[in-house]
Structure formats: structure tokens, C-alpha cells
Amino acid sequence: MNTFSIVRKILYLVLFITVSQVSADPPPGQYIQFQPGTAKGVIYYPDPEIYPNPKIATIAMHRTGNFLNHISTQEMPKRGIIAMGMNPVCENNEARCTPWENNALVVKQGIEYLRNEVGVEKVVLIAHSGGGPTMAFYQAIAENGVEMCQQPQRLVKCGDHLADLPPADGVIFYDAHIGNGIISVRSINPAVMNDEEILYENAAPRIDPKLDPFNPANGFNPNGASSFSDEFKETYFEAQSRRLNKLTDIALEIMEQIEAGTHQYPDDAPFIIPMGAQSRLMSLDPSIHHSTNVPRKLLKNDGSIEDCCVVESVRPPMLRISSPESHKQFWGSGGTRGGTRFLTVRSFLSVRAIRSSNSLDGIDYCTSNNSTICNVRQISVPVQVTAMTGHYFVRNSEVIYENVASSDKDFIAIEGATHGGRPCRDCMPAGQEYDGRYDNVVKNEFDYLANWINERF
């Protein structure tokens, strides 16, 4: 090997070491046990050699999901922000959300730990997916007190034990659910005609074919995008509301019996809803809620921001999720959840019940505590709303933004991002393979969010 080759290898080695030090991954996370035992968290710090004294932190927590290694916990520390991922009381078991409102006590522990044990000065909540209503509820109660969730129209009243929650300093709604009850009423199959027989007599569902979303006569296409008529959609949305309202009436009746001591169970009761999910029309017909209503900011893959136009979703039909097979199943198969809601009376009323007259635009938002829309109307701290155009929450996110009370609020849509914030490889024109057009979404979105945080805190 000649002298030039040796020198070149040494230079490459020095360059490699230098780059590795600058771009080193953050230290591994530190596990934290909260109370009760099902509540836990992992905290991730930035590289101390690059960010020696971070004073800002984020917390991500879902309704039921495992967020211990949420995408924010991997990306925020790279940008100098401490990140905590938390798991709720009813981790991976919605039937144990009795009541769901108690997840607020887990968020409280996370905020107090960051402020008191870590020395963080500012905490920003990351409300992703089902974490949308979780974090919106927390912040609304922290800012306004428990009277807000004890109003007469609430199907479930929260307890005084949720008083005196420490408010966060900001909230990021990261492709957030508009509310789990709203998701439920939009996902339920309204063609089921005999819920009382199902719940009380263990009868099989009876289906009205005129309301069946998987009936080709109604516009269903098993091989691509469905096209439902305006008349069918209006009838369907109204029928969805009727079915969920009926189920809510049944659950309230059973709850009265439990509290009166006349039910066979003294504490709670099973509440199983066949074909209660996976029947969302917007999953089948991409024309429903396909865009924002007015021009909004769009973060392009090249890092530029376009703010001239209505933002369109690029999602394809979600036939794997909403299918004639999956909505009939109990557990689901092939990585897809079944259409059965496996709940109790208390968890249904706390998480999935809401009153409405039309599932798309006739929601009585404040009948449920689990309503992102009702809760953001009471939030005054800075709010950032991020929508992923590779999912069907683009219009939902805009509705959240429209209802936020804070005078400091921002909306950004991420071009080609999935619900999880990663490149949507399926969001391509028919017949085309993925060509890398959305490869920069993770970097772009977290650079934007970190800048938003740092500009305020």
C-alpha cells in the first residue's frame, strides 16, 4: 500500500469519527415506573455533548397504545429536546378504561416528574392519534378545572380527584383523533338492526342490505375506490348516529341497573358490539373528507412550504382495513383488526359513546369527555396542529385547528406522511411503484415541530 493510500485511509477514518460524534444517536431511554403499575414511561435525553442543558421536554401518550418508543421520542432528542413516551392505565386493553378519564392522572405524573426530578422548564404535550382526546382533555381540565367535565350534558361525569392538574405549556396535535366517540360513530355499521337482541339474547346480527356499505348495489367497489351517492352517504351517516345513540341508551339503562344493585353484576358488565368498527365510508370512498376546506400550509418533501392552496389527501382506499371480511370478525386477521368492539358498559360510555344526529357533521361534541373538539375550545396555551396527507385525518385536523381557542395556533400538513408520520409508500398513482417522493417527511416534520417549540419556549 503506497503512502497516498495510507494517508487517504487515515483521513477517511478521522472524517468518520468526526461525523459519528456530531450525529451520534441520543443515549438510550431511561425507564420510569408510575402509578398504578400499568402506567409507565421512558425518558430520552439529547446527546449531552451537543445539548448539555436542555430545558424543554415533550410527552407523548395514547389512549391505550404503547408509546414508550413513539416516533417523537426518537426524533425530538436529536433536536435538543427531552422526550418522554408514556403508557396509560388501560394499555392495549380499552375494556379496562373504566374510566378513561383517569389517564389524566398518568399525564400529571409525567409532567411533575419532568419538572421536579429532571428540572425541565417547559413541557409540550404531543397528542398523536388516540392521544388527541387524551391530551386535549388533560389540558382543558388543567386550565379550567373539573367543572368543565361535570356538565349535565356529559354522558360520564369526571370526579373531583382530577382537580388541580398542572397545565402543560403547549400542545402539538400530531394527526390526532377528533375524538374516539366520533371515530366510533363514523366507523360503526348502521345496517345492523337488532342490537338489543345481540346484547341481551346473544343473537346474530341482522343486516339491512340498503345500508350495507359493502353491498355493490350501494356503490361499494371491492377492487378500488368506492363511489357512494350523496343520497346514500346522507342516509348512512344518519343511520350511524341512530345506531350509536341506541347503543348509548342501552348502556345507560344497564348502568342504572348496576348502580341500583339490580343487575347481575355489581360493578360493570360486558358490552360487545359486533360490526361496531371498520365500516368507515371515508376509508372506502376517498372523496369524503379528502381535503381542507380552505388553503392551508403544506410542508413539501423538498422542505419548502406551500400556502396557496387547499390541501388534498393523497391516501388510497383503505380496503385492507375496511373490508367485507374484517368488519364481521371478532379479532381480525392478517394484521387487520376485526370489526367487533370488545368493551364493558363503563368503558363504552367513557370512551366510545357520543350523541349525534349525523356522523359526519351533526356531532354533539360536548356530550363526551373524549372529544378533542370540545376540549380544544378551552385550551389557551400555544397549539400546533399537524395533518398527514397520507391518511384520512386532513379535514379532521383542520376542524381541530378551527376550534382551538388559543390565539397562538398553527396548522401544517405534511406531504405524503402516513398516520404514523412516515413516508406513505402506498400513496402513488394507480400502477406506479413508490419512487421516493416522500422520503423526507420524518426530517421535515420534526425540524418544523422543533422550530415551532423553540420559537415559543
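Now for a quick tour of the structure. Please read all numbers here as calculations on a predicted model, not as lab measurements.

1. Brief notes about the overall build of the protein
Within the protein, the secondary structure is distributed over 12 helices and 18 strands. Here the C-alpha radius of gyration of the protein, 23 Å, is about what a compact globule of 457 residues would show, namely 23 Å. Along the first, second and third principal axes, the C-alpha set of the protein runs to 85 × 55 × 45 Å. Classification of the 457 residues of the protein by burial places 56% in the buried group. In the protein, once contacts between residues fewer than 6 apart in sequence are set aside, the share between residues at least 24 apart is 74%. A total accessible area of about 19500 Å² is found for the protein, and carbon and sulfur atoms account for 50% of it. Side chains of the protein carry 40 positive and 52 negative charges; the gap between the two charge centres is 3 Å.

2. Some points on the pattern of salt bridges
Pairing of side chains with opposite charge becomes possible as their charged atoms draw close. Evaluation of the coordinates by the stated rule reveals 22 salt bridges. The salt bridge partner of arginine 243 is aspartate 195, with a shortest N-O separation of 2.7 Å. Of this pair, arginine 243 sits in helix H7 (residues 230–260) while aspartate 195 sits in helix H6 (residues 195–201), and the two are 48 residues apart along the sequence. When sorted by exposure, arginine 243 lands in the same class as aspartate 195, which is buried. Aspartate 230 is the salt-bridge partner of lysine 233, the closest N and O atoms lying 3.5 Å from each other. Of the two residues, lysine 233 and aspartate 230 are both situated in helix H7; the distance of three residues between them amounts to about one turn of the helix. A cluster of three or more residues bridged by salt bridges with shared partners is formed by Glu75, Lys78, Arg79, Lys443 and Asp447.

3. Section: the pairing of strand E4 (residues 82–87)
Counting buried positions along E4 gives six out of six residues, so the element sits mostly inside the fold. Residues Ile82, Met84 and Met86 line one face of E4 and the alternating positions Ala83, Gly85 and Asn87 line the opposite face, and both faces are buried. Pairing of strand E2 (residues 40–44) with E4 involves five bridges; the strand directions are antiparallel. Bridge pairing links tyrosine 44 to alanine 83 in E4. Direction of pairing for strand E3 (residues 56–61) relative to E4: parallel, over a ladder of five bridges. Bridging across to E4, alanine 60 finds its partner in glycine 85.

4. Considering a nonpolar patch on the surface
Together, Ile272, Phe330, Trp331 and Phe342 give the surface a local cluster of nonpolar side chains, amounting to about 450 Å² of exposed area. Checked against the element boundaries, tryptophan 331 lands in the loop between strand E11 (310–312) and strand E12 (332–333). Here tryptophan 331 falls in the exposed class, since its relative accessible area comes to 68%.

Conventions we followed
- Residues numbered from 1 in each chain as written.
- Predicted model: local features only at pLDDT ≥ 70, side-chain atom pairs only at ≥ 80, totals over all residues.
- Heavy atoms only, no water.
- Helix = DSSP H or I, 4+ residues; strand = E, 2+ residues; numbered from the N terminus.
- Rg over C-alpha atoms; globule rule 2.2 N^0.38 Å.
- Buried < 20%, exposed > 50% of the residue type's maximum accessible area, 1.4 Å probe, protein only.
- Contact = heavy atoms within 4.5 Å.
- Areas by Shrake-Rupley, 256 points an atom, 1.4 Å probe, with all protein chains shown as cover.
- Lys, Arg positive; Asp, Glu negative; His and termini not counted.
- Charge placed at Lys NZ, Arg CZ, Asp CG, Glu CD.
- Salt bridge = Lys/Arg side-chain N within 4 Å of Asp/Glu carboxyl O.
- Pairing = 2+ DSSP bridges.
- Patch = residues over 30% accessible without salt bridge, like charges linked within 9 Å, V, L, I, M, F, W, Y side chains within 5 Å.

That is the geometry; function is a separate question.
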